[in-house]
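Observations on the three-dimensional arrangement
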Amino acid sequence: MLQLHKVTPVGLPSLRCRELSTSPGKSYLRALVGQFALLGLKTTQQADSVHWSLKPDRPNLASLPTRTLPLQEPSQPPASPLAPMEPPPLRLVRPWLKLMSYNAEQFYKTGKGKLTKPQAAVESLAEAIRVEDPEVIALQEVGDRKLLEEFNRQYLHSRYPNIVTGHISAESPMQVALMSKENIKVVSSQSHWKEIGKSAKYGGKRDFLEATFQTGSGYRFTVYNAHCKSMNGGEAHTAPVRLQEATNMAEILRKHLRREPDAHIFLTGDMNTLHDSTYGKPVINKLTHITDDAEPDLAEVMLKDGKAEPTHSGHDQYPDSKLDYTFASRPLAKQVVNAYVAGDFKQEPWSKASDHLPYVTVFEEAAKLVLSDPDRYAPDRLAEFTATIMGAVRRG
């Protein structure tokens, strides 16, 4: 049996990797063994299955390793007439990335330059982010770029230099923003301030911000960050505004999917919507059914697994509830490894940081096969060998 073992990531210091779960067919495994023999590699003569470690429901993401397929020593000499060579380490690398959506609760400066959030709360906010160590952060209720640059430098150890902000005005000092680590570059960004406000005007309207990111390997994904009208004044009274905002967001996303049907898109943020209420269901439906396809175009990454953990601590009008969401386009939804609400309303730093909890989505890039010392093998044999392994993984 071929088994996965831990190795130290190479060239991916800030990324995590998924523990795969698959079971390739016997015919593929026998072909795989045959390819090992063609390359002169040692392996077992019997290979009925490849064992992949199952991912836990709530993985410890602090230091996830890559996984490697070492070729085990056979109990008897291989039947191949070719003289065996020392097997090289073989890595099937599938980096994990984290997206965090977090309502920072009134983290901005007034016109006189006074910070609206207490110093202790700012420190707690930073700690809540550092605990999860996401690659990309989608923030709501934050101020301008200058404030976020100071926040990154003083509290986040300058780990998030790529900052995208949108429309800021005296009427709307609290806005949405996106931040990413140095190795997650911003390819493009766009404010949808005018489109999001179409027929949905109200005091304190927020932006709808779009940014496309690219990893060091060239993988691209787009994040849309939203903050809908609050339920202050009652859910029934404010629901028509949120429904119009959702309609406007859906139109923006529809145009994107027409340009790029296979685009990897996240829609995330504080939607101020109860997913199971009479007024909330139409909003969720608008955000998941974008085109005319019968199947949903976007899937809410927690709701699809039947989970609806509270993300807001609640107040007099309604108890603690799920108000924050992350939706993934169909191709990207297949790469979502896990989604969870981080922290606890009653414990620090989260209790001091905000009235919301961070909503974390873990997703992965495409699998990459890394074989050390490839020059030892003929190019045609190496290509055939690689194709066999990747075919087994994809079909498993």
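Scope of this entry: the structure provided in the associated data block. The structure presented is a predicted model; accordingly, all values stated were derived computationally and were not measured.

1. Here's the deal with the pattern of salt bridges
Under the definition given, this model contains ten salt bridges. One salt bridge in this structure joins Asp297 and Arg330, with 3.1 Å as the shortest N-O distance. One end of the pair, Asp297, is in the loop between α6 (280-288) and β15 (298-300); the other, Arg330, is in helix α7 (residues 330-333), and 33 residues separate them in sequence. A relative accessible area of 6% places Asp297 in the buried class.

2. Re the nonpolar core
With 55 residues, the main nonpolar core has Tyr102, Phe151, Phe221 and Phe363 as its most contacted residues. No other element matches the seven residues that strand β7 (residues 95-107) contributes to this core. Counting residues in hydrophobic clusters, the runner-up holds 22 residues, among them Ala246, Met271, Ile284 and Tyr325.

3. Quick look at the sheet that holds strand β14 (residues 265-270)
Across the sheet, six strands lie side by side as β11-β12-β13-β14-β16-β15; this open sheet has mixed pairing. Each end of this open sheet is capped by a strand with a single partner; those strands are β11 (185-191) and β15. Taken over all neighbouring pairs, the strand axes of this sheet differ in orientation by 20 degrees on average, direction set aside. In this sheet, strand β12 (residues 209-214) lies alongside β11 in antiparallel orientation, the contact comprising six bridges.

4. What about the side chain of Thr222?
Tracing the backbone shows Thr222 in strand β13 (residues 220-227). Owing to a relative accessible area of 6%, Thr222 belongs among the buried residues under this scheme.

5. A short note on α6
Every buried residue belonging to α6 is among Gly280, Val283, Ile284, Leu287 and Thr288, and all of these are buried. Mapping the buried residues of α6 onto a view down its axis gives an arc of 125 degrees, with all of them on the same face. Summarising the contacts, the buried residues of α6 are in contact with α5 (235-259), β14, β15 and β16 (324-329).

6. Let's talk about the environment of Glu141
Counting through the fold element by element, Glu141 comes out in strand β8 (residues 136-142). Between the C-alpha atoms of Glu141 and Ala177, which are 36 residues apart in sequence, the distance is 8.6 Å. If we ignore the near neighbours within four places in the chain, the residues touching Glu141 are Asn103, Ala104, Glu105, Gln106, Phe107, Met174, Gln175 and His227. Reaching out from Glu141, the side chain makes a polar contact with the side chain of Asn103 at a distance of 3.3 Å. One polar contact links the side chain of Glu141 to the main-chain amide nitrogen of Gln106, over a distance of 2.8 Å.

7. Topic: the pairing of β8
Taken across its seven residues, β8 has seven buried, putting it largely inside the fold. Sheet topology places β7 next to β8; six bridges connect them, and they run parallel. From the neighbouring strand, Leu99 faces β8, where its bridge partner is Val136. For the segment spanning β7, helix α2 (residues 119-132) and β8, crossover handedness is right-handed. Where β8 lies against strand β10 (residues 175-180), five bridges are found, and the strand directions are antiparallel.

8. Here we look at the packing of aromatic side chains
Inspection of every chain in the model, using the stated rule, returns eight aromatic pairs. Arranged with centres 5.8 Å apart and planes meeting at 35 degrees, the rings of Phe151 and Tyr155 form a pair that is tilted. Remark: Tyr155 and Phe151 occur in helix α3 (residues 145-155); sequence separation between them is four residues, near one turn of the helix. Residue Phe151 is classed as buried on the basis of its relative accessible area, which comes to 2%. The exposure class of Tyr155 is buried, given its relative accessible area of 15%. Both rings, one in Phe266 and one in Phe363, keep their centres 4.9 Å apart while their planes meet at 70 degrees; by these two values the pair is edge-to-face. Of the two residues, Phe266 is situated in strand β14 and Phe363 in strand β18 (residues 359-364); the sequence distance between them amounts to 97 residues.

Analysis parameters
Residues numbered from 1 in each chain as written. Predicted model: local features only at pLDDT ≥ 70, side-chain atom pairs only at ≥ 80, totals over all residues. Heavy atoms only, no water. Salt bridge = Lys/Arg side-chain N within 4 Å of Asp/Glu carboxyl O. Helix = DSSP H or I, 4+ residues; strand = E, 2+ residues; numbered from the N terminus. Buried < 20%, exposed > 50% of the residue type's maximum accessible area, 1.4 Å probe, protein only. Core = buried A, V, L, I, M, F, W, Y, C linked by side-chain atoms within 4.5 Å. Pairing = 2+ DSSP bridges. Axes fitted to C-alpha atoms, helices over the stretch in contact; angles between N-to-C directions. Arc of directions from axis to C-beta. Contact = heavy atoms within 4.5 Å. Polar contact = N/O pair within 3.5 Å; in protein donor to acceptor, adjacent residues only side chain to side chain. Right-handed = clockwise from strand over helix to strand, strands pointing away. Phe/Tyr/Trp six-rings, centres within 6.5 Å; stacked < 30°, edge-to-face > 60°.

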